[in-house]
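Descriptive analysis of the structure
Spelled out from the first residue to the last, the chains are:
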Amino acid sequence: MGASSAVKQPTYAGSALAVLSAACVTGVLASQPVQVSIAGAEAIGAFLLLGSGLVRRRGHRVFGGGLIFVGCSLICLALGLGLLSPGKLFERIVFFGGTLAMACVVLGVFPLRQSWAGSLIGFGIVIFGCGLVFLAWISDPSSLQLLLGVGLTIVTWDMAEHAIALGNDVGRSARTYSVTVTHFIGSLGIGLGGGTIAIVVDSVQLPAIPIAALALLLGAVLLLLLVLFLGDSEWLSGT
Amino acid sequence: MTSVDRTHRWRVAFAFVLFTSTAGLYLEAPLVFLTSILGVAYAGYPLFVGPPTVDLELSRTVTDETPDHGDPVTVTVTITNTGPRTLADLRIIDGVPALLTVTDGTPRHTATLRPGTSTSFQYTIAAKHGSHRFNPTTVIAHDISGNTRVETEITADGQTTIREELECTVDLQAFQLRRQARQYAGQTPADAGESGLEFQQIRAYQHGDSMHRIDWKRYARTGELTTVEFREEHRTAVVLCLDARQNAIRAAGSTEPHAVAYCVAAAQQVTSTLEQHSEQVGVAIFGSEFNWRAPSAGREQYAQIEQLLVDHEYDQPISVDGDDITMSSMEQVQRLITQIQGNVEIILFSPLIDGFGKTAVQQLDAHGYAATVISPDVTADETVCEEFVSIERANRVQMLRNRDIPVADWSPEKPLVWPVGHHGGVS
C-alpha cells in the first residue's frame, strides 16, 4: 500500500460502546445514590477523553488538549470520591474497584499506549469480575442486578477487544458504525438470552439439589462445548 | 489467496465460567454460581453462528485514468455481497498503488452486507509520474461473534469493472536525439559506400550495379560506364541507461516517489517516443546486477524494455551512505562499453545524487558516445545535509554541461524539457 498507513488505534464507535457498558457496570456496583452520580461523572470524563481524539484529529489540538485535561480531571475526581464516598467499607472498596476498572478500560481504548491496550482492558475486566463477586458475597444484590453487571462486563470486554482488532485492520479514520453496532447487538443478544435462562433457572422452585451435582452438570456442559470447539477446529482445518 | 483462521477470542468465557463457578461454590453464593450460565452462553456463542461465506464482487473506478502529475484522482470502490449469507463484519482495504499518497478519505472501509447489497467508499490520491498499478483489494470478514476470520484478496482477473492502472505520463517536451539535432546528413559516417544521400565517389561500373546509379552524362561524354556511390547512412541506436543502484533510490520526502521511479517514468516516455519512430532501442540498468538488452526495434523489444524498467519502479528507498562509485558499479559501466557496438547514442537517467552518474557519463563520453543525461531532482533543503547533497548535485550538473554533455535538471513537478538544442548543442 502507498503512503496511506492508517492510525491503528481502537475505533471510536467500539470504544464508546465499551465505555458505555463499563459505566453501566460501575453503576451496578454502586450501592449509594451518590456513587451513581460519581459513576456518571466518571462516564462523562471518559467520553470527553475519547472525544478529544476525534477533536484533535480534526485539527483542533488546543481544544482537544483541554478535553483531555477535563476528562482526566473528572476521572481522577471520581476515583478519589469513590474511595471517600459514604457507605460501608466493603461497599466503598467494591465501588472504588468499579471506578478503577472503568478508568483502566478508558485508558485501554483511548489508548494510553497501543501495546498496553489489551492488558489495560483485561485488568479492568478482572477488577469488574472480582468486584461483582465481592458485591454478591458482602451484600445481597438481586439476581437481575448481578446478571446485568456480569453480562455488561463481558460486553465491555467484547466491544473493547473488537474496537482494538477493528482499529488494527482499518484504522481510526474508517467508518465503522454499522459493523460495531451489529457486533454490539449480537453480543448484547447473547447476554440477554443467557441472562433470561439464568433468571428462569433462578425462579424455578426446585427441591434442594446438591451443589456437587450442579457443579458436575456445569462441568459436563463445559466439556461438551470444548469438544464441539475442537470438532469445529478440525472441520475448519479440513477446509 | 483465502485464509480461514479462528481467533479463539471466546476462550476467555471458559475462564470466566470456571472463575464464577469456583467462587460461587467457595463462597457458597448461589447467585455467583448462577452467573456461570452467562459465561456458558458466551462460550457457546461462536457455535451458534457459522463462518462467513465471502462471495464478493468488486468495482473500482477513478475520475481520471490519465492524470497529470499532482492531479487529485478520486477512487470509488464498490463491494457487492453476491453470496447467500449476510456478512456481519466486513473490512475492506483497497490496494493503493505503492508510490501514491492518499490525500483525502481513507482506502479502508467496513460494512455489514446482506445478500445482494452493496457498499461504496471514496478516497483521493495525488497522481505522480509513472504507471501505477493498484494492488489487490484485501477483504477481511468476521462472523458476528468475531470467532472466525476469513481473509482474501480480490484481483481484477480480467474484470472490466476494476480499474487496475493509473497512467501518469511524463510531459516530454522538445525531444530529439543528438544526431537529429545536427543539421546535415551523414554525420554518422560509414566506410562502405552504398545507397545514401551524400555523394561519396565514382567508380568503374561493375556487373550487377543498378541502372539508376550509372552516371549517364559521363557515359554520353566519354563512353565510359561509371557508377556513382553515395555515403551509406547507418541508423544510430539508442541505449537507455537507468541508474537503479541502492544509492539512487532516494526520495525528497517519505510520501514522495523515489528518484528511480521518476527515472523509470521518464525512460518509459522516451521509449514510447522512440517506438513511434521505430528507433532501435536498447537498455542498460545499473543496479544490484547489470541488466543489458542490446539495441533493436520491434514490438517485443519495446515490451521487454518496458518490463525491465518497471521491475525497478517499486524498489524501496534506503539511507544513502556516501558515494557509491564502487568497483561493482563502474564495472557495470565497463561492461556496457564492451557490449555496445557501432553507433550508439546514450541517454542516462540518474538523479546524480552521488558521483556515479557523472563518472559513468564522462567515461561514455570519453569513448566517443553521444550522451544525454536526464536527472530528476529529488533533493530537499530542510537540513544542512540535504542542502549539501543538493549543492553537490548542482555542481555535477554544471560540470557535465561544461563538457558539452546535455543535462536535463528535471523537477518532477514540471514538464521534462529535453536538453538537446536544435543545432546539436546544449540548450
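Small disclaimer: the values here were computed from a predicted structure and weren't measured. Residue numbering note: each chain is counted from 1, following its sequence as written. As they are written, the chains are lettered A onward and the ligands numbered 1 onward, keeping that order. Totals for whole chains, interfaces and linings use every residue, but because this is a predicted model, local features are given only for residues with pLDDT of at least 70 and side-chain atom pairs only at 80 or more, for both listing and counting. Each side-chain value is worked out from all heavy atoms of the structure, with water and hydrogens disregarded.

With that out of the way, let us pick up the nonpolar core. Core analysis: the largest hydrophobic core is formed by 64 residues, its most contacted members being Met102 and Phe128 of chain A together with Tyr42 of chain B. Each helix is a run of H or I in the DSSP string that is no shorter than four residues. Each strand is a run of E no shorter than two, and both are numbered from the N terminus. Counting residues per element, this core draws most heavily on helix α6 (residues 143–170) of chain A, which supplies ten residues. Residues belong to a common nonpolar core when they are buried Ala, Val, Leu, Ile, Met, Phe, Trp, Tyr or Cys residues joined through side-chain atoms within 4.5 Å. Relative accessibility thresholds used throughout: buried, under 20% of the residue-type maximum; exposed, over 50%; partly exposed, between the two (1.4 Å probe, protein chains only). One finds Ala244, Val260, Ile374 and Trp418 of chain B within the second-largest nonpolar core, a separate group that totals 36 residues.

Moving on, we get to the environment of His277 of chain B. Residue and element names in this part refer to chain B. Counting through the fold element by element, His277 comes out in the loop between α5 (259–276) and β17 (281–286). For His277, a relative accessible area of 49% gives the class partly exposed. C-alpha of His277 to C-alpha of Ala297: the two residues are 20 residues apart in sequence and 9.8 Å apart in space. One polar contact links the side chain of His277 to the main-chain carbonyl oxygen of Thr273, over a distance of 3.0 Å. In protein, a polar contact means a hydrogen-donor-capable atom and an acceptor-capable atom, both N or O and within 3.5 Å, with residues adjacent in sequence counting only if both atoms are side-chain atoms; elsewhere, any N or O pair within 3.5 Å suffices.

Another aspect to go through is the packing of aromatic side chains. Here a pair means two rings of Phe, Tyr or Trp (six-membered ring of Trp) with centres within 6.5 Å. Their orientation is stacked below 30 degrees between planes, edge-to-face above 60, and tilted elsewhere. For the coordinates displayed, the defined rule picks out eleven aromatic pairs over all chains. Centroid distance Phe134 of chain A to Trp137 of chain A: 5.9 Å. Interplanar angle 45°. Geometry classified as tilted. Here the residue Phe134 of chain A and the residue Trp137 of chain A both occupy positions in helix α5 (residues 117–138), the gap between them amounting to three residues, near one helical turn. Owing to a relative accessible area of 25%, Phe134 of chain A belongs among the partly exposed residues under this scheme. Ring centres of Trp157 of chain A and Trp10 of chain B lie 5.3 Å apart, and the angle between their planes is 70°; this geometry places the pair in the edge-to-face category. With Trp157 of chain A in helix α6 and Trp10 of chain B in the loop between β1 (3–6) and α1 (11–26), this residue pair bridges two chains. Accessibility assignment for this pair places Trp157 of chain A and Trp10 of chain B in one class, buried. Aromatic rings pair up to connect Trp157 of chain A together with Trp10, Tyr42 and Tyr45 of chain B into one cluster. Sitting over a ring, as applied to charges here, requires NZ of Lys or CZ of Arg to be within 6 Å of the ring centre and within 35 degrees of the ring normal. Over the aromatic face of Tyr12 of chain A sits the side chain of Arg172 of chain A, whose NZ or CZ is 4.2 Å from the ring centroid.

A word on the packing of helix α1 (residues 12–29) of chain A against helix α4 (residues 89–109) of chain A. Residue and element names in this part refer to chain A. In this analysis, axes come from line fits to C-alpha atoms, helices being fitted only over the stretch in contact, and the angle between any two N-to-C directions falls in the range 0 to 180 degrees. The contact between α1 and α4 brings their axes to 9 Å, and the two run at 175°. Taken together, α1 and α4 sit at an angle that is classed as roughly antiparallel. Residues Ser15, Val19, Ala22, Ala23, Thr26 and Leu29 of α1 lie in contact with α4, whose contacting residues are Val94, Phe95, Gly98, Thr99, Met102, Val105, Val106 and Val109. Partitioning the contact of α1 with α4 into residue classes produces ten nonpolar, four polar and no charged. Orientation labels follow simple angle bins: below 35 degrees gives roughly parallel, above 145 gives roughly antiparallel, 65 to 115 gives roughly perpendicular, and whatever is left gives oblique. Contact criterion: two residues are considered in contact whenever any of their non-hydrogen atoms come within 4.5 Å of each other. Residues are sorted three ways: Asp, Glu, Lys and Arg are charged, Ala, Val, Leu, Ile, Met, Phe, Trp, Tyr, Cys and Pro are nonpolar, and all the rest, Gly among them, are polar.

Residue and element names in this part refer to chain B. Every residue carries a pLDDT, the predictor's confidence in it, which falls somewhere between 0 and 100. Scored by pLDDT, chain B has a mean of 84; 88% of the residues are at 70 or more. Per-element confidence in chain B ranges from a low mean pLDDT of 48 for strand β13 (residues 193–194) to a high of 95 for strand β6 (residues 108–113). Between residues 183–193, whose pLDDT stays under 50, and residues either more than four places distant or in other chains, the model counts 23 contacts. This stretch, residues 422–427, has a pLDDT under 50; its non-local contacts, to residues over four places away or in other chains, come to 16 contacts.

On to the pattern of salt bridges, then. One side chain can pair with another of opposite charge once the charged atoms of both are near each other. All names here are of chain B. The rule for a salt bridge is simple: a side-chain nitrogen of Lys or Arg has to be within 4 Å of a carboxyl oxygen of Asp or Glu. Enumeration over the complete set of coordinates arrives at 17 salt bridges over all chains. The partner of Asp354 in a salt bridge is Arg245, and the shortest N-O contact between them spans 2.9 Å. Pair noted here: Asp354 is in the loop between β19 (344–349) and α8 (355–366) and Arg245 is in the loop between β16 (237–243) and α5, with a separation of 109 residues, a long-range link. The exposure class of Asp354 is buried, given its relative accessible area of 2%. Across the pair Arg403 and Asp365 runs a salt bridge, and its minimum N-O distance is 3.6 Å. Here Arg403, found in the loop between α9 (384–402) and β21 (407–410), pairs with Asp365, found in helix α8; they are 38 residues apart in sequence, far enough to count as distant. The partly exposed category is assigned to Asp365, whose relative accessible area is 24%.

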